[in-house]
Amino acid sequence: MQLLTPQWLLCLNHTTEVLENQAVLINQDLIQAIGPREEMLLAHPGAERVDLPGQALMPGLINCHTHAAMNLLRGAADDLALHDWLQTRIWPLEGELADAEFVYDGTVLAAAEMLQGGITTFNDMYFYPDQVVQAALDVGSRVFAGITVIEFPTRYAAEAKQYIELGIAARDKFKLEPTVHWTIAPHAPYTVSDDTFRHMAMLAEELDLPVHCHLHETASEVSDAESRDANGRLPGLNNSV
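Residues numbered from 1 in each chain as written. Predicted model: local features only at pLDDT ≥ 70, side-chain atom pairs only at ≥ 80, totals over all residues. Heavy atoms only, no water.

A look at the overall build of the protein chain
Across its full length, the protein chain holds seven helices and nine strands. Relative to its 241 residues, the protein chain shows a buried fraction of 40%. For the protein chain, long-range pairs separated by at least 24 residues make up 66% of all intrachain contacts whose partners lie at least 6 apart in sequence. Per element, the accessible surface of the protein chain, about 13100 Å² overall, is 52% carbon and sulfur. One way to put it: in the protein chain the 13 positive side-chain charges average out to a point 4 Å from where the 34 negative ones average out. (Helix = DSSP H or I, 4+ residues; strand = E, 2+ residues; numbered from the N terminus. Buried < 20%, exposed > 50% of the residue type's maximum accessible area, 1.4 Å probe, protein only. Contact = heavy atoms within 4.5 Å. Areas by Shrake-Rupley, 256 points an atom, 1.4 Å probe, with all protein chains shown as cover. Lys, Arg positive; Asp, Glu negative; His and termini not counted. Charge placed at Lys NZ, Arg CZ, Asp CG, Glu CD.)

See below:
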């Protein structure tokens, strides 16, 4: 057992109260008790004491939208409009580099960086979700992994059906992991057809999973959506890697 004694304790239990002179008892990775420091020290003399002077103890932060492995592309392109950034830099680089090893290594790095900043849970949308999950488990993060679909070929999959099949297989592989959760993750209205959106909405309902999607990222996306073709693609957009 460990007894953590921070200077400040933020419970975030629907209040903004900041507690002082408190202690938190940890047993087998679970919070067993919280109470006044001196009382807890007397009640648990055998616990390992971890003093945290000048530090605040609080629930972990949550990063609600990540493509964690893409930190390996950090700095590859800046100051571009979204579709220029995607078409001229990111999608070509992903087509060349984003295999399973790339995703695992990039996610390990990202998860470690997030932990250093107090982020203990991240909600990811990327290729090879099995590698995303394995990286999170190896680092010790909680993860929401996306059953991701983007309707053009990548190193990961060739078309929507395969993206879904691979994502479902990854979910089944890790279904007993208590720190792993899943989402249905169509990439965006400009890369996923209406028919695929309908199918993924059915999957979300059947599997009782939340939906994670890019939507209204830029002012032009709303107006562009009105110009989509029957497959949900933007005229003139190169939807390929």
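Points about the state of the cysteines
What we call a disulfide is simply a covalent bond connecting the sulfur atoms of a pair of cysteines. Following the criterion strictly, the structure yields zero disulfides and no others. Note on Cys 213: no disulfide assigned, nearest cysteine sulfur contributed by Cys 64 at a separation of 15 Å. (Disulfide = S-S within 2.5 Å.)

So, the pattern of salt bridges
Following the criterion strictly, the structure yields five salt bridges and no others. Residues Asp 51 and Arg 49 are paired through a salt bridge, measuring 2.6 Å at the closest nitrogen-oxygen approach. Asp 51 sits in the partly exposed class, given a relative accessible area of 44%. On the accessibility criterion, Arg 49 (44% relative accessible area) is partly exposed. (Salt bridge = Lys/Arg side-chain N within 4 Å of Asp/Glu carboxyl O.)

Digging into the packing of helix α5 (residues 160-173) against helix α6 (residues 194-207)
Relative to each other, α5 and α6 sit at 15°, their axes nearing to 11 Å. In this view, α5 runs roughly parallel relative to α6, as classed from their interaxial angle. Relative to α6, α5 is oriented so that their crossing is right-handed. Of α6, the residues touching α5 (which contributes Ala 160, Ile 164, Ile 168 and Arg 171) are Thr 196, His 199, Met 200, Leu 203 and Leu 207. Looking at the contact of α5 with α6 residue by residue, the classes come out as six nonpolar, two polar and one charged. (Axes fitted to C-alpha atoms, helices over the stretch in contact; angles between N-to-C directions. Parallel < 35°, antiparallel > 145°, perpendicular 65-115°, else oblique. Left-handed = near helix turned anticlockwise from the far one by under 90°. Nonpolar A, V, L, I, M, F, W, Y, C, P; charged D, E, K, R; others polar.)

A closer look at the sheet that holds strand β7 (residues 119-124)
Sheet strands line up and pair through hydrogen bonds in the backbone, either parallel or antiparallel. Ordered by their spatial adjacency, four strands build an open sheet running β6-β7-β8-β9, and the pairing between neighbours is parallel. In this open sheet, the two strands that pair with only one neighbour each are β6 (61-66) and β9 (180-186). Across the sheet, the mean angle separating the axes of adjacent strands is 20° when strand polarity is ignored. The sheet contact formed by β7 and strand β8 (residues 142-149) spans four bridges and is parallel. The residue of β8 that forms the bridge with Asp 124 is Ala 145. Against the sheet, helix α3 (residues 100-116) touches β6 and β7, its axis set at about 140° to β7. (Pairing = 2+ DSSP bridges.)

The values are spatial; any link to function lies outside them.
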